[in-house]
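Architecture at a glance
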Amino acid sequence: MRGPKFRIVAALLALALVGAACSGRDDDDTATDEDSGGEEAAGSSIDTADCVADPTAEIEGDEIKLVSSYPQSGATAAFSQIARGWKAYFQMVNEAGGVEIAGNNYTIVTEDKDDQYNPATTAQNIDELVGADGENAFATFSVVGTANNLAIRDQLGELCVPNLFAATGAPIMGSEDYPWTLGSSLSPYSLEGKAFADLLAEQNPEAKVAMLVQDDDFGTAYEEGFQAAIEGTDIEVVKVEKYATGAAEVSAQITSLAASGADAFFNGGTLLACPDALTKAAAAGWTPITWISATCTSKTLMGVAGQAGDGVYSYTNLKDPLNPDFDADPAMQEYREVVAQYQPEADLDNAIVGYGWTQAALLVQVLENAEAPTRLAVMESMHNFEASEEGVLLPGVTVHTGDGDNFLGEAYQTMQYEFEAAGARNHFVLIGTELTDVEGETLDLTPEDLING
Amino acid sequence: MTTEQTGAAVGPAIGGAPVDTAAPLASGARPGLFPPVPRQVTVAKVIIGVVLSAAALYAPFYFEPTINRVLSQAIYIAIAAMGLNLLTGFTGQVSIGHGAFYGVGAFTSAILMIDYGWTFEVTILASVVINAVLGFLIGVPALRVRGLYLALVTLGLAVLFPRVAQKFVDGTGGVALLRPPRSDFSSLIDGLADDQWAYFLSLAIMVVLFILAWNLVRGRVGRAMIAVRDQEIAATTVGVNLAGTKVATFAISAAYAGVAGSLSVMIDRLADGTNPILYFQRSIEFLVAMTIGGAATMLGPAVGALVLVLLRRNTEDLIEGKEILAPALYGAALIAIVFVLPEGLVGGVNRLLARLGRRSSAKGRPPTRPIPDDSQ
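1. A few points about the overall build of chain B
Looking only at helices and strands, chain B features 16 helices and 2 strands. Expressed as a percentage of the 376 residues in chain B, the buried residues total 52%. Partitioning the intrachain contacts of chain B with sequence separation of at least 6 by distance along the chain shows that 77% fall at a separation of at least 24.

Pasting the structure below:
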C-alpha cells in the first residue's frame, strides 16, 4: 500500500498545486508605455505630472473595477458587514443597467480581500488587487481603517489610482497633499472631540476626562482633536491610556483610567476594545459620562457591551435601522428590501450595513457626475461633490466637498444608547431634532498636524 | 545562471550529506568527502541545470508582474533559507530566530532609505554588516546551548523582534510600518520594467550568495561545519575550532537572512512590525523551504522556496468560497512532500539520478572505476 507508486502519486499531487494558475505576461494593456499623464488636464486641480499610470486613460470595455480590503475574519470581523451594504447597492445598480458615465453604461465589478485590520496586510492586498502599475483595478473603495489607508495612500498616489470613501474618520484623509485619497461620510474624528466637548459644556462644564485611544494615528486624531476642542474651557483631560492596534482586551487601561478620578470618559476604542472598555468600566463601578467612538455604534459592538453600554453618547449622520422612528421611512424601507434581496446574510439592523449602503450610493453619484470615464475625472468629481438624501443619510445632512474642503461628513446629530433588555431592540436615540452642521469648518476645528501629518 | 549548473553538478556530493558522507567516513572505505559521480549523472545534472537557468532567465519576460513578484519572493526566501542551510543543514544548529535577522535587514534598508535617503542597493551592504555583527553577538551566548534549547533561545528572538520594532519605529499611520516610495526602486536598466529589475537584481544577489556558500562548504571550512554537525567531540579531536566555527556560521547565516530582509523591502515594498507573529512565521518558512528543498544541499533552499511560495499562493484561492481551508491544504501539501521525500526535493532527485546512473553503468560498459556501494 505504501509502495513507490503511492509515494509518486502523493508527491505529484502536492507538486501539481505548485504549477497551477500561472498566467502569462501580457504587455499590450499597460497604459504606462506612453508618456503617462504628461499633459495636465485643463483646469484640473490635481497634479498628474508624476503619475505612473495615465489618469486620463478611459476605461476599456464596459466594466468598472473597484477593489477593497477590510477585516473579514477573527476578532476584527465586525467591520465586514459594511461591505454587505455596498455590495447590495452595486448589485441593484448593475441590475438596473449599471452606472452611466459620460453617456456610457458601466457594470460595477468588485473584488476584495481580508486584512484582519492589519495595515501591512492591507498594503499587500491592495498592491496585488490594484496591480504593480495600476492595471488591475480602476479604484479602491471603502478600505477600512486609519493606519490601513495610510499604508496604501502613498502608493496609490504615485499610481494616481483613486482611493475613494476610505472607511475612516481620520482628518488626515482630507490632506491637500494627497488628492487621490478621500474619506467617506463618516465625520472626521476631530468633530467627535468637539461634539463631546459641547455635550460636557452643557452637562458638566468642569469635567475631568479620561481617554482611551488606539496606539496609532486613529487614536492620535481623537486625543489631539479633543484637546483642541476643550481649549479655553474648564474641561480637563486627566489621563490618556493607549491600547495596541486591534487589541480586544483593555482591562489594564480601564483600571488605570478608573483610578484617575475622572468623571467623564472618552472611549476612543474601536472593534472589540470598545465594548470591552465599557464592560470593564461597569465592572469596576466606574460610571462617568461616556462618549464612544462613532466607529463603535454598530449593533454588533453595542450588543457585546449590552447593559454596560446604557446611557453612552456618540453621534451619527445616518438613520439607524434599529431606531423605530425610521421604520416607515421610504429610504430605510428601500435599504431593507434591496439588501435583503442581494445580501441575504447581511444583518439589516446593523447601522454599519447602512453606512456601506450609503457610501455606495454616494459613489454612484460621484461616478455619474464625472465628465469622462477616467480616473482623473472621477477624482475631480469626488473633489467637487454635493449630495443629500442619498442612501440613509439623516434628513438635512449634506455631503459636500470643494474649494479646498475635503471633508464629506461635517453634519452630525448626537445620540444616546438606550439599553432596555437583552434581545430587545436596543438602539441609539437621537438627542433633540437639530443637526449640528459645521460645513467647511473642519479645517479650523482640527489641529493642523492631524490633517497634514 | 552559473550556480544552478555548477551547483547541480556538485549537488550529489554535498546532497544527501547526512547519509552519504557519514557512511564512507565511518566505514573508512572512502577517505574523500566527494565520492566520484558516474558520468551519466553529471550529464543529467548539467542538462537540468541549463534548463533551469534558462527558465529562470526567461521567466520574468513571460510572466505578468504579479507572478514575477511571487518569484522574487521565492528568491529572497531562498537566500534566507540558504543562510539557515549553512547553520542548520551543514553545521547542525537549529535556529527559529532567522525571521528576526530578516526583520532587522528589512528595517535597516527601510529606515536608511526613508530617514537618511540612502540608495536601496547600498542599504543591502549595511544590512549585511549589521546582521553579521548581530549574528556574531547572538552566536556567542548561543554556543552554550544546543539542539532544542538553541531552537528555543532563537525562537525568543523572532518573537521579540516585532515588539522592538513597535517600540522604536513610528511609521505611516502611527504604526511600525515603513513603506519607501516606489520611485526608490526604479529599474536602473532601460528595457526592464520595475518588476523585472527587482527580479534580476534579487536573482543576481542570490547567485553570488549561493556561489559563496558553495565555495564555503566544499572547502576546509565546510568539512569543519559538517564535522561539528555530525560529531562535535570527534571534530575537536581533529583540531576543528568548535566555537569559532559555530559563531562564524551564525554570523554568516544571519547576514544571509539580512540580505533577504533588505530585498523583501524592494519586492513587498514594506517593512512590517505590526504583526506580532510575522517574524516567527518567516523563521518557520525558512526552515520549511530548507527542509522541503533538501537540507545540506546546494540547490535545496532555492527549490524549496519556490515550491513554498507557489504552494502558498495556489492554495489560497483553490476552493472558491472556502478560503478558510487554504492553510490546511497548504499544510497537507507540505506534509505530503516531506512524507514522500524525506531528504527534500533536491535530495530525492539526487537519489533518483544516482540510482539511474548506477543502473545504466551496470548495464552498459564495465565501470572504469569502482562505484561506491551505497545501495541502501
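2. Examining the packing of helix 6 (residues 98–116) of chain B against helix 7 (residues 120–142) of chain B
Residue and element names in this part refer to chain B. One can describe the packing of helix 6 onto helix 7 by two numbers: an axis separation of 9 Å at closest approach and a directional angle of 140 degrees. Between helix 6 and helix 7, the angle falls in the class oblique. In terms of crossing hand, the pair formed by helix 6 and helix 7 is right-handed. For the pair helix 6 and helix 7, contact is made by Phe101, Val104, Gly105, Thr108, Ser109, Leu112 and Met113 and by Phe120, Thr123, Ile124, Ala126, Ser127, Ile130, Asn131, Leu134 and Gly135, respectively. Residues that form the contact of helix 6 with helix 7 fall into these classes: 9 nonpolar, 7 polar and no charged.

3. A word on the interface of chain B and chain A
Opposite the 34 residues of chain B that make contact, chain A presents 35 residues. Contributing elements (two or more residues each) for the side of chain B that touches chain A: helix 4 (39–62), helix 5 (65–90), helix 9 (194–218), helix 14 (300–316) and helix 15 (326–340) of chain B. Looking at the side of chain B that touches chain A, its residues break down into 18 nonpolar, 8 polar and 8 charged.

4. A look at the pairing of strand 3 (residues 104–114) of chain A
Residues and elements named next belong to chain A. Pairing between strand 1 (residues 63–70) and strand 3: 8 bridges, direction parallel. Opposite Lys65, over in strand 3, you have Val109 as the bridge partner. Note: strand 2 (residues 99–101) against strand 3, 3 bridges, orientation antiparallel. The partner of Ile101 across the bridge, within strand 3, is Asn104.

5. Some thoughts on helix 8 (residues 148–168) of chain B
Residues and elements named next belong to chain B. In this model helix 8 runs 31 Å from its N-terminal to its C-terminal C-alpha over 21 residues, within 8% of the 30 Å that 1.5 Å per residue would give. When we look at burial in helix 8, the residues that qualify are Leu150, Thr154, Leu157, Ala158, Phe161, Pro162 and Ala165. Taken together, the buried residues of helix 8 touch helix 6, helix 7 and helix 13 (278–293).

6. Describing the sheet that holds strand 5 (residues 163–166) of chain A
All names here are of chain A. Here 6 strands make up an open sheet; going across it, the order is 2-3-1-4-5-6 and the pairing mixed. Strands at the two margins of the open sheet, each flanked by one partner only, are strand 2 and strand 6 (181–183). Across this sheet, the average inter-strand angle for adjacent strands is 30 degrees, counted without regard to direction. The strands touched by helix 3 (residues 119–130) are strand 1, strand 3 and strand 4 (139–141); relative to strand 1, the strand with the most contacts, the crossing angle is about 165 degrees. Of the strands in this sheet, strand 4, strand 5 and strand 6 are in contact with helix 4 (residues 146–159), which crosses strand 5 at around 160 degrees.

Analysis parameters
The numbers attached to residues start from 1 for each chain and follow its sequence in the written order. Written order determines the labels here, with chains lettered from A and ligands numbered from 1. Whole-chain, interface and lining totals are the exception, using all residues; otherwise, since this is a predicted model, local features are given only for residues with pLDDT of at least 70 and side-chain atom pairs are given and counted only at 80 or more. Working definition: helices are DSSP H or I runs of at least four residues, strands are E runs of at least two. Numbering for both runs from the N terminus. Every C-beta atom is placed from the backbone, and the number of other C-beta atoms within 10 Å of a residue's own sets its class: buried at 20 or more, exposed at 12 or fewer, partly exposed in between. Here contacts are defined at the residue level, using C-beta atoms placed from the backbone and a cut-off of 7 Å between them. Between the N-to-C directions of two axes lies an angle of 0 to 180 degrees, each axis being a line fitted to C-alpha atoms and, for a helix, fitted only over the stretch in contact. Here the word oblique covers every angle except those under 35 degrees (roughly parallel), over 145 (roughly antiparallel) and from 65 to 115 (roughly perpendicular). Crossing handedness is read from the near helix: turned anticlockwise from the far helix by less than a right angle, it gives a left-handed crossing, and turned clockwise, a right-handed one. Classification convention: Asp, Glu, Lys, Arg as charged; Ala, Val, Leu, Ile, Met, Phe, Trp, Tyr, Cys, Pro as nonpolar; all other residues, Gly among them, as polar. Being paired, for any two strands, means DSSP has found at least two bridges between them. Helix span is expected to be 1.5 Å times the residue number reduced by one.

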